[in-house]
Amino acid sequence: MSELKPYAEVIGDPIAQSKSPLIHGFWLKQLGIEADYRSHRVTSADLAGYIAERREDPAWRGCNITMPLKQEVIPLLDKVEGDAQTIGAVNTVYRGDNGELIGANTDAVGFTEPLQDILASEHLFRMARIIGTGGAARAIITALTAHGFTLVIAARNQAKAKQLLKELRPEGEHYTAPLDHFARPTDFAFDDRDRCLDLVVNASPLGMRGSPELVFDWSHAPPGSIAYDIVTDPVETLFLQHAAEAGSPTIDGLSMLIGQAAAAFEKFFGQAPPRDHDAKLRETISQ
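Conventions we followed
Residues numbered from 1 in each chain as written. Predicted model: local features only at pLDDT ≥ 70, side-chain atom pairs only at ≥ 80, totals over all residues. Heavy atoms only, no water. Helix = DSSP H or I, 4+ residues; strand = E, 2+ residues; numbered from the N terminus. Rg over C-alpha atoms; globule rule 2.2 N^0.38 Å. Contact = heavy atoms within 4.5 Å. Areas by Shrake-Rupley, 256 points an atom, 1.4 Å probe, with all protein chains shown as cover. Lys, Arg positive; Asp, Glu negative; His and termini not counted. Charge placed at Lys NZ, Arg CZ, Asp CG, Glu CD. Core = buried A, V, L, I, M, F, W, Y, C linked by side-chain atoms within 4.5 Å. Buried < 20%, exposed > 50% of the residue type's maximum accessible area, 1.4 Å probe, protein only. Axes fitted to C-alpha atoms, helices over the stretch in contact; angles between N-to-C directions. Parallel < 35°, antiparallel > 145°, perpendicular 65-115°, else oblique. Left-handed = near helix turned anticlockwise from the far one by under 90°. Salt bridge = Lys/Arg side-chain N within 4 Å of Asp/Glu carboxyl O. Pairing = 2+ DSSP bridges. Nonpolar A, V, L, I, M, F, W, Y, C, P; charged D, E, K, R; others polar.

Mind showing me how you'd approach the overall build of the chain here?
Assigned secondary structure in the chain consists of 10 helices and 12 strands. Computed over the C-alpha atoms, the radius of gyration of the chain is 19 Å, within 12% of the 19 Å expected from 2.2 N^0.38 for a compact globule of 287 residues. Along the first, second and third principal axes, the C-alpha atoms of the chain reach 60 × 40 × 35 Å. Long-range pairs, those at least 24 residues apart, make up 68% of the contacts in the chain between residues at least 6 apart in sequence. Just so you have it, the chain exposes about 13300 Å², and 50% of that area is on carbon and sulfur atoms. Seen as two clouds, the 27 positive and the 39 negative side-chain charges of the chain have centres 3 Å apart.

Explain the nonpolar core to me, please; I cannot follow it from the model alone.
It is characteristic of soluble globular proteins that their nonpolar side chains tend to be buried jointly. Counting 27 residues, the largest nonpolar core has Ile130, Leu144 and Leu151 as its most contacted members. Where this core is concerned, the elements lending two or more residues are β7 (125-131), α6 (135-146), β8 (150-155), α7 (158-168), β10 (196-202) and β11 (226-229). Residue contributions to this core peak at five residues, all from α6. Counting 24 residues, the second-largest nonpolar core is a separate cluster that includes Ile23, Ile102, Leu257 and Leu281.

Even after reading the chapter, I still don't get the packing of α6 against α7, so can you show me in this structure?
Between two packed helices, what matters for the description is the angle formed by their axes and the separation of those axes. Relative orientation of the contacting elements α6 and α7 amounts to 50 degrees, with a least axis distance of 11 Å. When the axes of α6 and α7 are compared, the pair comes out oblique. Considering only the axes of α6 and α7, their crossing is right-handed. Only Leu164, Glu167 and Leu168 of α7 make contact with α6, whose side of the interface consists of Arg138, Ile141 and Thr142.

Before we go on, may I ask you to explain the environment of glutamate 81 in this structure?
Within the fold, glutamate 81 resides in the loop between β4 (79-80) and α3 (82-87). Look at glutamate 81 and you get partly exposed, because its relative accessible area is 24%. The spacing of glutamate 81 and alanine 104 is 23 residues in sequence and 5.4 Å in space, taken between C-alpha atoms. If near-sequence neighbours (up to four positions away) are discounted, glutamate 81 is found in contact with Tyr94, Ile102, Gly103, Ala104 and Lys267.

Would you explain the pattern of salt bridges in this entry?
Should the charged atoms of two oppositely charged side chains come close, the side chains can pair. Enumeration over the complete set of coordinates arrives at 17 salt bridges. Salt-bridge contacts for glutamate 81 lead to lysine 267; the nearest nitrogen and oxygen are separated by 3.6 Å. Linking glutamate 81 in the loop between β4 and α3 with lysine 267 in helix α9 (residues 253-269), this pair joins segments that are 186 residues apart in sequence. For arginine 275, the salt bridge goes to aspartate 278, with nearest N and O atoms at 2.9 Å. Classification of arginine 275 by relative accessible area gives partly exposed; the value is 27%.

Just to check I follow, could you spell out the sheet that holds β11 for this structure?
Strand pairing within a sheet occurs via backbone hydrogen bonds; the two strands may be parallel or antiparallel. The strand order across the open sheet formed by six strands is β9-β8-β7-β10-β11-β12, and the pairing between neighbours is parallel. A strand with exactly one partner marks an edge of an open sheet, and here the two such strands are β9 (175-178) and β12 (250-251). Pairing between β10 and β11: four bridges, direction parallel. In the sheet register, valine 200 faces β11, and the bridge partner there is alanine 227.

Explain the environment of tryptophan 60 to me, please; I cannot follow it from the model alone.
As for its position among the elements, tryptophan 60 is in strand β3 (residues 60-65). A relative accessible area of 0% places tryptophan 60 in the buried class. As a C-alpha pair, tryptophan 60 and histidine 277 span 217 residues in sequence and 26 Å in three-dimensional space.

Honestly, the packing of helix α1 (residues 20-31) against α9 in this entry has me stumped. Any pointers?
Running from amino to carboxyl end, α1 crosses α9 at an angle of 55 degrees, the nearest separation of the two axes being 10 Å. It follows from the interaxial angle that α1 and α9 lie oblique. Crossing hand, α1 versus α9: right-handed. Here Ser20, Ile23, His24, Trp27, Leu28 and Leu31 of α1 lie close against α9, whose contacting residues are Leu257, Ile258, Ala261, Ala262, Phe265, Phe268 and Phe269. In terms of residue class, the contact of α1 with α9 is made up of 11 nonpolar, two polar and no charged.

Right, dumping it as structure tokens:
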């Protein structure tokens, strides 16, 4: 049993690299809330015991969940909210009014937050090339198809990519491609992209510190495509550097991380975080 001071935490394996304690701690301090936010290493084998223990802790307000636990946690919860049910992955667990444990997914809203202005514009066509098939990719696929995107899912395991589309978006014209297809240059001549919106999203761990780099040749993307990398360590990945060199606008992983954390923070602590300090927050977690 923990002390009575309220707390939430982030769990996963590995977890040491998580920036979530810095983000939530920053907001708690700004709002003057007497509570903590921690990190706790939890493996797949530990997960059931962790949930059972925290369920009995009155000070525990919930947790954020990283890979590889976003799908494994679902059977251990009392309820799963609509978005998380659709996505098939949970990244936030919080207590309901009656103490029940509810699974939510804030990845989709966090991902689309920095795209809101451009998504509010009209386009003749929207296409996204998404690299990866994990829990974050599931949320991104769900979010982008809701905004009318045609998708190309690239993965080392193309069968997994096809199964993902079959499960999440069986309708519509969406495609898969082997990851190494995008590593080789192409002389494909793109059509006129005026009033079209193109995204290239790295939803995989490739490029993260300690992982292999993502090799993507920008001849596969129409000029002006937005490059979006969900990796947060390092913030400026080689994928984003090469995109900028190709003349593409870029969005880094801190944008999604802060956006999804803001939605989770309100579920844990009952208040919206102060977003007018985002520039200072980015500076803090980038150090």
